[in-house]
Amino acid sequence: MAQVTLAGQTVEVNDEGYMVDASQWNKEIAAEMAKEQGIELSDKHYEVLEFLRSTSEKGETLTIRKVGKSGIVDIKGLYQLFPGGPLKYSSKFAGIPKPASCV
Amino acid sequence: MKNILILGGGTAGTMMANKFFKALDRQEWQITIVDQHKSHYYQPGFLFIPFGIYNKSDVIKPKGDFFPSGVKVIYQEIDKINGEENRVSLMDGTSLKYDYLIIATGTQTRPDETPGLLGNEWRKSIFDFYTIEGAVALQQFFKTWEGGKLVMCIAELPFKCPVAPIEFVCLAEAYFTEKGIRDKVDITYVTPLAGAFTKPIATKMLSQLLDEKNIKVVPDFYLESVDNEKKVLKSYDELEIPFDALTIVPLNMGSEMIERSGLGDDMNYVETDKETLQSKKFENIFVLGDAANLPTSKAGSVAHFAAEILFENMMNAFENRPMTAKFDGHANCYIETGYGKGALIDFNYDTEPLPGTFPLPGIGPFGLLKNTKINHYGKMIFRWIYWHILLRGKEMPIEAHMTMAGKKETID
Ligand SMILES: Cc1cc2nc3c(=O)[nH]c(=O)nc-3n(C[C@H](O)[C@H](O)[C@H](O)COP(=O)(O)OP(=O)(O)OC[C@H]3O[C@@H](n4cnc5c(N)ncnc54)[C@H](O)[C@@H]3O)c2cc1C
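What counts as what
- Residues numbered from 1 in each chain as written.
- Chains lettered and ligands numbered in written order.
- Predicted model: local features only at pLDDT ≥ 70, side-chain atom pairs only at ≥ 80, totals over all residues.
- Heavy atoms only, no water.
- Helix = DSSP H or I, 4+ residues; strand = E, 2+ residues; numbered from the N terminus.
- Rg over C-alpha atoms; globule rule 2.2 N^0.38 Å.
- Buried < 20%, exposed > 50% of the residue type's maximum accessible area, 1.4 Å probe, protein only.
- Contact = heavy atoms within 4.5 Å.
- Areas by Shrake-Rupley, 256 points an atom, 1.4 Å probe, with all protein chains shown as cover.
- Lys, Arg positive; Asp, Glu negative; His and termini not counted.
- Charge placed at Lys NZ, Arg CZ, Asp CG, Glu CD.
- Pairing = 2+ DSSP bridges.
- Axes fitted to C-alpha atoms, helices over the stretch in contact; angles between N-to-C directions.
- Salt bridge = Lys/Arg side-chain N within 4 Å of Asp/Glu carboxyl O.
- Near = heavy atom within 4 Å.
- Polar contact = N/O pair within 3.5 Å; in protein donor to acceptor, adjacent residues only side chain to side chain.
- Domains from an automatic or database assignment.
- Buried area = accessible area lost by both parts, 1.4 Å probe.
- Nonpolar A, V, L, I, M, F, W, Y, C, P; charged D, E, K, R; others polar.
- Core = buried A, V, L, I, M, F, W, Y, C linked by side-chain atoms within 4.5 Å.

## Overview of the overall build of chain B
A tally of regular secondary structure across chain B gives eight helices and 24 strands. Expected size for 412 residues packed as a compact globule is a radius of gyration near 22 Å; at 21 Å, chain B falls within 12% of this value. In terms of overall dimensions, chain B has a C-alpha envelope of 65 × 50 × 40 Å along the principal axes. Out of the 412 residues belonging to chain B, those deemed buried represent 59%. Contacts in chain B between residues at least 24 apart in sequence constitute 67% of all its contacts with a sequence separation of at least 6. Carbon and sulfur atoms make up 49% of the accessible area of chain B, which totals about 16500 Å². Charge centroids of chain B, computed over 44 positive and 54 negative side chains, lie 5 Å from each other.

## Section: the sheet that holds strand S15 (residues 223–227) of chain B
Residue and element names in this part refer to chain B. Strand order across the open sheet formed by three strands is S15-S16-S17, with antiparallel pairing between neighbours. Sheet topology places S15 and strand S17 (240–242) at the edges, where each strand pairs with a single neighbour. When strand polarity is set aside, the average angle formed by the axes of neighbouring strands in this sheet is 20°. Inspection of the sheet shows strand S16 (residues 232–235) paired to S17 by three bridges, in the antiparallel sense. Counted as the bridge partner of Leu-233 is Ile-241 from S17.

## Some words on the pattern of salt bridges
Any two side chains of opposite charge can pair, on the condition that their charged atoms come close. In this structure the tally under the stated criterion is 23 salt bridges over all chains. One salt bridge connects Lys-63 of chain B with Asp-35 of chain B, and the closest N-O pair in it is separated by 3.4 Å. Taken together, the residues span a long stretch of sequence, with Lys-63 of chain B in the loop between strand S4 (60–62) and strand S5 (72–75) and Asp-35 of chain B in strand S2 (residues 29–35) at a distance of 28 residues. A relative accessible area of 7% means that Lys-63 of chain B is categorised as buried. Between Lys-216 of chain B and Asp-186 of chain B there is a salt bridge whose closest N-O contact spans 2.6 Å. Of the two residues, Lys-216 of chain B sits in strand S14 (residues 216–218) while Asp-186 of chain B sits in strand S13 (residues 185–190), which places them 30 residues apart along the sequence. What you see here is one network of salt bridges that share partners, running through Arg-65 of chain A together with Arg-110, Asp-112, Glu-113, Glu-156 and Glu-256 of chain B.

## Considerations on the site of the ligand
Residue and element names in this part refer to chain B. Residues in close proximity to the ligand total 31 residues, the closest being Thr-11, Ala-12, Asp-35, Asp-290 and Ser-301. Residue Gln-43 places a side-chain N or O atom 3.1 Å away from an oxygen atom belonging to the ligand. Calculation on the ligand without its partners gives an accessible area of 1000 Å², and the protein chains cover 95% of this total. Only helix H1 (11–23) and helix H7 (300–318) provide two or more residues apiece to the shell around the ligand. When we break the shell around the ligand down by domain, the ones giving at least three residues each are domain 1 (2–106 + 255–318) and domain 2 (111–251).

## So, the interface of chain A and chain B
The interface of chain A with chain B comprises twelve residues on the first partner and 22 residues on the second. The junction of chain A with chain B conceals about 1700 Å² of combined surface from both sides, 58% of it contributed by carbon and sulfur atoms. Taken together, the connections running from chain A to chain B amount to six salt bridges. One salt bridge in this structure joins Asp-220 of chain B and Lys-88 of chain A, with 3.6 Å as the shortest N-O distance. For the pair chain A and chain B, the number of links is four residue pairs in polar contact (both at pLDDT 80 or more).

## Concerning the sheet that holds strand S20 (residues 285–287) of chain B
All names here are of chain B. Reading across from one edge, S5-S2-S1-S9-S20 is the order of the five strands in this open sheet, with parallel pairing throughout. Each edge of the open sheet is held by one strand with a lone partner, namely S5 and S20. For this sheet, the mean angle separating the axes of adjacent strands, direction not counted, is 20°. Bridge count for strand S9 (residues 100–103) against S20 is three bridges, and the pairing is parallel. Each bridged residue has a counterpart across the sheet, and for Leu-101 the counterpart in S20 is Ile-285. In the packing of H1 onto the sheet, contacts are made with strand S1 (2–7), S2 and S9, and the angle to S2 comes to roughly 165°.

## A closer look at the pairing of strand S1 (residues 2–6) of chain A
All names here are of chain A. Examined bridge by bridge, S1 and strand S2 (residues 9–13) share five bridges and lie antiparallel to one another. Its bridge partner lying in S2, Leu-6 is registered against Gln-9. Between S1 and S2, which follow one another and run antiparallel, lie two residues, and Ala-7 among them has a positive phi close to 50°.

## Remarks on the domain arrangement of chain B
Residue and element names in this part refer to chain B. Under the domain assignment used here, chain B contains domain 1 (2–106 + 255–318), domain 2 (111–251) and domain 3 (331–390). Between the C-alpha centres of domain 1 and domain 2 the distance comes to 30 Å. Here domain 1 packs against domain 2, burying approximately 1600 Å² in sum over the two surfaces, 74% of which is carbon and sulfur. The three residues of domain 1 that bury the most area against domain 2 are Leu-47, Pro-50 and Phe-51, which together make up 40% of that side's buried surface. Seen at the junction of domain 1 and domain 2, the total is zero salt bridges. There are four residue pairs in polar contact (both at pLDDT 80 or more) connecting domain 1 and domain 2. Of the residues assigned to the side of domain 1 that touches domain 2, the class counts are eleven nonpolar, four polar and three charged.

## Comments concerning the nonpolar core
Ranked by size, the top nonpolar core spans 128 residues in total, and within it Ile-81, Ile-103 and Phe-142 of chain B carry the most contacts. Those residues in contact with Phe-142 of chain B that sit more than four places away from it in its chain are Pro-50, Phe-51, Leu-150, Phe-168, Tyr-175, Phe-176 and Lys-179 of chain B. By size, the runner-up hydrophobic cluster in this structure holds 33 residues, among which are Leu-6, Trp-25, Phe-51 and Ile-64 of chain A.

## Some thoughts on the environment of Thr-109 of chain B
Residue and element names in this part refer to chain B. Mapping Thr-109 onto the fold places it in strand S10 (residues 107–109). We classify Thr-109 as buried; its relative accessible area is 18%. Taking the C-alpha atoms as reference, Thr-109 lies 27 Å from Ser-95; in sequence the two are 14 residues apart. Ignoring sequence-local partners within four residues, the contact set of Thr-109 consists of Tyr-130, Thr-131, Pro-250, Leu-251 and Asn-252.

Shown next, in the form of structure tokens:
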């Protein structure tokens, strides 16, 4: 566990840089995390992040398929928004835990 | 008379029918079980069929052999559950009332969900060993195959028995070595996960193992479609992997009956309390086995441990006592690694697979995350245990809850 400063705010993150407390999140923090990954967040990106946050809040498990069915983007679109690791990155920027695909 | 209705007569449903039949007063309780098929397959045995270690006759028995004679058995496809009316309708138009319902309809493979998978090459050079038909077809294919690129691909998470594809590539490696054509077979393991497995310590051990066996791992590959003409796998981010022979774990989904009943998530798994095993929508509906959306492996061992918890909780519920038994997500899986050896992992919701030893009175200890002969025997003995002890709902000398005894928090 470590503390980092993102968008002028001190937030708690784990070893992999995922936020520990989803309530510390705001859009500016997301933008800064995305920038580090070389991604400029658009409205579409934010729509996905909001969807992930609300789904995660309900305690549901997140899968790429679920995002693909959300009506916001299809799976291909999700890959284009978050190249290299759609769910890995999007959940990081959304301030929620890394989706634990079960063993 | 009160009615317990069990949907699905596979591993989970059969265990519960046996447990309740033994425990409950037959004058007071009627137990009914419904399944669409008459044959019970020992699914862990499918893994061995492609390599001729088992044949179909080694893994099949009539379901009826495992249901106690006082249990009412109906062979019919289930249409849907109407939770408000405590009623289940079957495809033949009849319906059944229940006081308590257990959903144990498992998970099914859905090759139809991936474009191109059911194309011209299906069961010609593309195989699924998660069904009896696929496993038998692959045995035939391997008999005369002269080598090339063998790709094992996992289409999507979650899928049942998450170690099975790793076992498959290990057994394939040994099989082609013994045939003397290992140098002509290039084996690649393709997974949507970030590594060979989900949790860090087990991933480390299994990656080393695959590396030693010269099996390539392609992580983070999310399958979009299969091109039958070019014989390539395509991912959503437009990577391509060529194959000469493809074995696939198709998308796994719960029964469509769950969707029709409005009880499932987007993969048709029933929303279930992970500790009590009660459905989140109805108090008198319980869920066991692969059909539940629990955050642990979909495996027979999980169903077995969970069955003990479910039995206790339902017995409490029958007498209006609080449901005090809590499932911890305990899973215990032997991993067959080829050449007469195997590894073992033991874990739960909170504890990832750790190294050490696993105590088992009379037979063990087994080495955890270690590649040993005794673990292989554990796996082979399991078939006998499955037919004779597990399905019949008898006690096994393993605790339902995971124990830390013998486990070490670090790797040697
Ligand atoms: C290749 C392979 C290897 C495996 N290896 C292992 C292993 O080493 N160790 C381990 O612990 N587990 C292993 N497993 C997993 C194990 O077999 C399953 O987890 C276990 O069988 C789950 O039991 P279940 O009762 O939930 O589902 P199943 O046993 O699949 O039973 C579900 C039943 O429901 C019926 N059904 C479904 N829908 C309907 C409907 N609409 N109407 C009527 N009937 C319906 C089906 O016909 C079926 O009989 C393996 C599985 C596979 C495929």
